[in-house]
Amino acid sequence: MKIKNILLVGVGGQGTILVSKILSTGLLQAGYDVKMSEIHGMAQRGGSVSTQVRYGEKVHSPIIGIGDADILVSFETMESIRWLEFLKPDGIAVINEHEIPSAPILSGKIAYPKGVIEAIGEKVNTKVINAAEISEKLGNTKVMNVVLLGALIKSMNLNDIDWESIIKDLVKDKFVEINIKALNAGMEAV
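Residues numbered from 1 in each chain as written. Predicted model: local features only at pLDDT ≥ 70, side-chain atom pairs only at ≥ 80, totals over all residues. Heavy atoms only, no water.

Colleague: Tell me what's going on with the packing of aromatic side chains, and back it up with residues and numbers.
Modeller: Per the counting criterion, the structure on display carries 2 aromatic pairs. Here the aromatic rings of Tyr-32 and Tyr-55 are separated by 4.9 Å at their centres, their planes lie at 70 degrees, and the arrangement is edge-to-face. Within this pair, whereas Tyr-32 is found in the loop between helix H1 (16–29) and strand E2 (33–39), its partner Tyr-55 is found in strand E3 (residues 48–56), the two being separated by 23 residues in sequence. We classify Tyr-32 as partly exposed; its relative accessible area is 26%. Note on Trp-83 and Phe-86: the rings are 5.4 Å apart at their centroids and 45 degrees apart in plane angle, and the pair reads as tilted. Classification of Trp-83 by relative accessible area gives buried; the value is 15%. (Phe/Tyr/Trp six-rings, centres within 6.5 Å; stacked < 30°, edge-to-face > 60°. Helix = DSSP H or I, 4+ residues; strand = E, 2+ residues; numbered from the N terminus. Buried < 20%, exposed > 50% of the residue type's maximum accessible area, 1.4 Å probe, protein only.)

Colleague: Talk me through H1; I want residue IDs and the actual numbers.
Modeller: If you check H1, its first and last C-alpha atoms are 20 Å apart, about what 14 residues at 1.5 Å a residue would give, namely 20 Å. Residues of H1 that are buried: Thr-16, Ile-17, Val-19, Ser-20, Ile-22, Leu-23, Ser-24, Gly-26 and Leu-27. Tucked into the core, H1 has its buried residues touching strand E1 (4–11), E2, E3, helix H6 (144–155) and helix H7 (163–170). (Expected span 1.5 Å × (residues − 1). Contact = heavy atoms within 4.5 Å.)

Colleague: Tell me what's going on with the nonpolar core, and back it up with residues and numbers.
Modeller: Formed by 41 residues in total, the largest nonpolar core has its most connected members in Ile-6, Leu-23, Leu-152 and Trp-163. Once residues lying within four places of it in the same chain are set aside, the contact partners of Trp-163 are Ile-22, Leu-23, Gly-26, Leu-27, Ile-153, Leu-158 and Leu-183. Membership of the second largest hydrophobic core comes to 15 residues, among which are Val-9, Ile-64, Ala-69 and Leu-72. (Core = buried A, V, L, I, M, F, W, Y, C linked by side-chain atoms within 4.5 Å.)

Colleague: Please set out the sheet that holds strand E5 (residues 87–96) residue by residue, giving values where relevant.
Modeller: If you walk across this open sheet you meet the 6 strands as E2-E3-E1-E4-E5-E6, and the pairing is mixed. Edge strands, defined here as strands with exactly one partner in the open sheet, are E2 and strand E6 (125–129). In this sheet, adjacent strand axes meet at a mean angle of 15 degrees when their direction is disregarded. Pairing analysis gives 7 bridges linking E2 to E3, with the strands arranged antiparallel. Within E3, the residue paired with Met-36 across the bridge is Val-53. (Pairing = 2+ DSSP bridges. Axes fitted to C-alpha atoms, helices over the stretch in contact; angles between N-to-C directions.)

Dropping the structure here:
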């Protein structure tokens, strides 16, 4: 099997690291060689966070090069622009229609860019999901990340892995049920 490259991007506090751990665990259990790399940046101050997950028969490096990602999952709309160059021309962009203003935007120095999703949609296969709205309907906005995980799983045809048992192993007991609902809702959304 050819190596597959998944790039998850967002801002601090959105749960990209947890999604990467769930994803990596599932891929390992499915028998793939998996390498994961995470970059936190200024995550605690709402800065950019990215995780790269590579899987296949034998993976030598955890790093995805420019133009090599099969899928880009953006937990925050503007982050999709920052990382778009890493996506293959025939790759898939899964974009959360959710804006978190950065410090320069909050201070009024710049405006949040308009037309981000439309511009990306003109360049690559784009799937837009409003994970914030979906997670709000489920009753817990903190599971927005697992909604996006469900969209990723469906987009990459990774449905045959027992994701529910992995969530049970990696998430606190009191949050297992809502996270499983979020996973299924994300899969249904794409």
